[in-house]
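Spelled out from the first residue to the last, the chains are:
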Amino acid sequence: MPSREEAYELFTKYNKSESLLKHGLAVEAVMLHFAEIFGEEDKEKWGIIGLIHDLDYEMYPEEHCKKTREILTEENWPEDYIHGIVSHGWKICSDEEPKERMEKVLYTIDELTGLITAVALVRPSKSVLDMKVKSVKKKWKDKSFAAGVNRQVIEEGAEMLGMSLDEIIEETIKGMQNVAEEIGLGGMGTF
């Protein structure tokens, strides 16, 4: 089983972008938060999969998810980790459907962390620490705001998890709050 350190090392080998690293750290924190909520035994696995989910994105954007499968297979990662990672791109860049709860969470919150980050950056505080669900919902309705965020994926994921959109947003914010400083969303002066 890969360790968190090995996952981080591999991720930073393929990704030099600070924004991608911050995104990976945000998704890792949210995955750990959801693992806690659901009482999962292997929380570290959830975090590792969240951290490394965009492994191939910077170097191989046209082959996103496909190249990840190739890289992780060469690195002898377990198939359940690989499927968990690759399934986050279901219907977008992957035919692998999220089946396990962990996969459904990743599928749902990947795009949502991007939206929450965008909302935080336009707030006067530049922080997720004081963010409320209603702030995200207000920007959610504005389709031109963070237009690259696939809101349909988030809605489908929430439905797959049997959770309301408000619950998903609230718990994703809480997960991101756990690493607010590391991802540059702790407020003014944390960049």
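What counts, and at which threshold
Residues numbered from 1 in each chain as written. Predicted model: local features only at pLDDT ≥ 70, side-chain atom pairs only at ≥ 80, totals over all residues. Heavy atoms only, no water. Helix = DSSP H or I, 4+ residues; strand = E, 2+ residues; numbered from the N terminus. Contact = heavy atoms within 4.5 Å. Areas by Shrake-Rupley, 256 points an atom, 1.4 Å probe, with all protein chains shown as cover. Lys, Arg positive; Asp, Glu negative; His and termini not counted. Charge placed at Lys NZ, Arg CZ, Asp CG, Glu CD. Buried < 20%, exposed > 50% of the residue type's maximum accessible area, 1.4 Å probe, protein only. Polar contact = N/O pair within 3.5 Å; in protein donor to acceptor, adjacent residues only side chain to side chain. Salt bridge = Lys/Arg side-chain N within 4 Å of Asp/Glu carboxyl O. Axes fitted to C-alpha atoms, helices over the stretch in contact; angles between N-to-C directions. Parallel < 35°, antiparallel > 145°, perpendicular 65-115°, else oblique. Left-handed = near helix turned anticlockwise from the far one by under 90°. Nonpolar A, V, L, I, M, F, W, Y, C, P; charged D, E, K, R; others polar. Phe/Tyr/Trp six-rings, centres within 6.5 Å; stacked < 30°, edge-to-face > 60°. Lys NZ or Arg CZ within 6 Å of the ring centre and 35° of its normal.

1. Focus: the overall build of the protein
Logical step 1: Secondary structure summary: the protein contains nine helices and zero strands in total.
Logical step 2: The order of helices and strands in the protein, counted from the N terminus, is α-α-α-α-α-α-α-α-α.
Logical step 3: Partitioning the intrachain contacts of the protein with sequence separation of at least 6 by distance along the chain shows that 65% fall at a separation of at least 24.
Logical step 4: Summing over all exposed atoms, the protein offers an accessible surface of approximately 9,200 Å²; the carbon and sulfur share of this is 49%.
Logical step 5: Of the side chains in the protein, 24 bear a positive and 38 a negative charge, and the two mean positions are spaced by 8 Å.

2. Notes on helix H3 (residues 43–52)
Because the α-helix completes a turn every 3.6 residues, residues three or four places apart line up on one side.
Logical step 1: Summarising burial for H3: eight of the ten residues are buried, a large majority.
Logical step 2: Every buried residue of H3 is listed here: Lys45, Trp46, Gly47, Ile48, Ile49, Gly50, Leu51 and Ile52.
Logical step 3: At its buried positions, H3 is contacted by helix H1 (4–14), helix H2 (18–37), helix H4 (66–74), helix H5 (79–86) and helix H6 (101–122).

3. Observations regarding the environment of serine 144
Logical step 1: The residue serine 144 is located in the loop between helix H7 (133–141) and helix H8 (151–161) in this model.
Logical step 2: A residue is classified by how much of its surface remains accessible, and serine 144, at 61% relative accessible area, is exposed.
Logical step 3: Expressed as a C-alpha distance, the spacing of serine 144 and tyrosine 8, which sit 136 residues apart in the sequence, is 33 Å.
Logical step 4: Looking at serine 144, its side chain comes within polar contact range of the side chain of aspartate 142, at 2.6 Å.

4. Describing the pattern of salt bridges
Logical step 1: Scanning the entire structure with this criterion turns up 14 salt bridges.
Logical step 2: Among the charged side chains, a salt-bridge network with shared partners connects Arg69, Glu79 and Glu96.

5. Some points on unusual backbone geometry
Logical step 1: Although it is not a glycine, lysine 91 sits at a positive phi angle of roughly 70 degrees.
Logical step 2: A positive phi angle, near 55 degrees, is found at lysine 126, a position not held by glycine.
Logical step 3: Mapped onto the elements, lysine 126 comes out in the loop between H6 and H7.
Logical step 4: For lysine 126, a relative accessible area of 27% translates into the label partly exposed.

6. So, the packing of H1 against H2
Logical step 1: Contact geometry of H1 with H2 gives a least axis separation of 11 Å together with a crossing angle of 155 degrees. Considering their axes alone, H1 and H2 lie roughly antiparallel with respect to each other. The handedness of the crossing between H1 and H2 is right-handed. Each of Arg4, Tyr8, Phe11 and Thr12 in H1 lies in contact with H2, whose residues at this interface are Leu20, Leu21, Leu25 and Glu28.
Logical step 2: For the contact of H1 with H2, the per-class residue count stands at five nonpolar, one polar and two charged.

7. Brief notes about the packing of H4 against H5
Logical step 1: Interhelical geometry of H4 versus H5 gives an angle of 160 degrees and a closest axis separation of 10 Å. By the angle between their directions, the pair H4 and H5 is classed as roughly antiparallel. The chirality of how H4 crosses H5 is right-handed. Contact residues: H4 offers Thr68, Arg69, Leu72 and Thr73, while H5 offers Glu79, Ile82, His83, Ile85 and Val86.

8. Side note on the packing of aromatic side chains
Centre distance and the angle of the planes are the two values used to describe a pair of aromatic rings.
Logical step 1: For the structure on display, the rule yields four aromatic pairs.
Logical step 2: With a centroid separation of 5.7 Å and an interplanar angle of 55 degrees, the aromatic rings of tryptophan 90 and tyrosine 107 are classed as tilted. With a gap of 17 residues between them, tryptophan 90 in the loop between H5 and H6 and tyrosine 107 in helix H6 connect regions that are remote in the sequence. The pair formed by tryptophan 90 and tyrosine 107 is uniform in burial state, with each residue classed as buried.
Logical step 3: Grouped by ring-pair contacts, the aromatic residues Phe34, Phe38 and Trp46 constitute a single cluster.
Logical step 4: Its guanidinium or amino end placed over the ring of tyrosine 60, lysine 67 lies 4.8 Å from that ring's centre, counting from NZ or CZ.
Logical step 5: The positively charged end of lysine 91 is found above the aromatic ring belonging to tryptophan 90, 4.4 Å away from the centroid.

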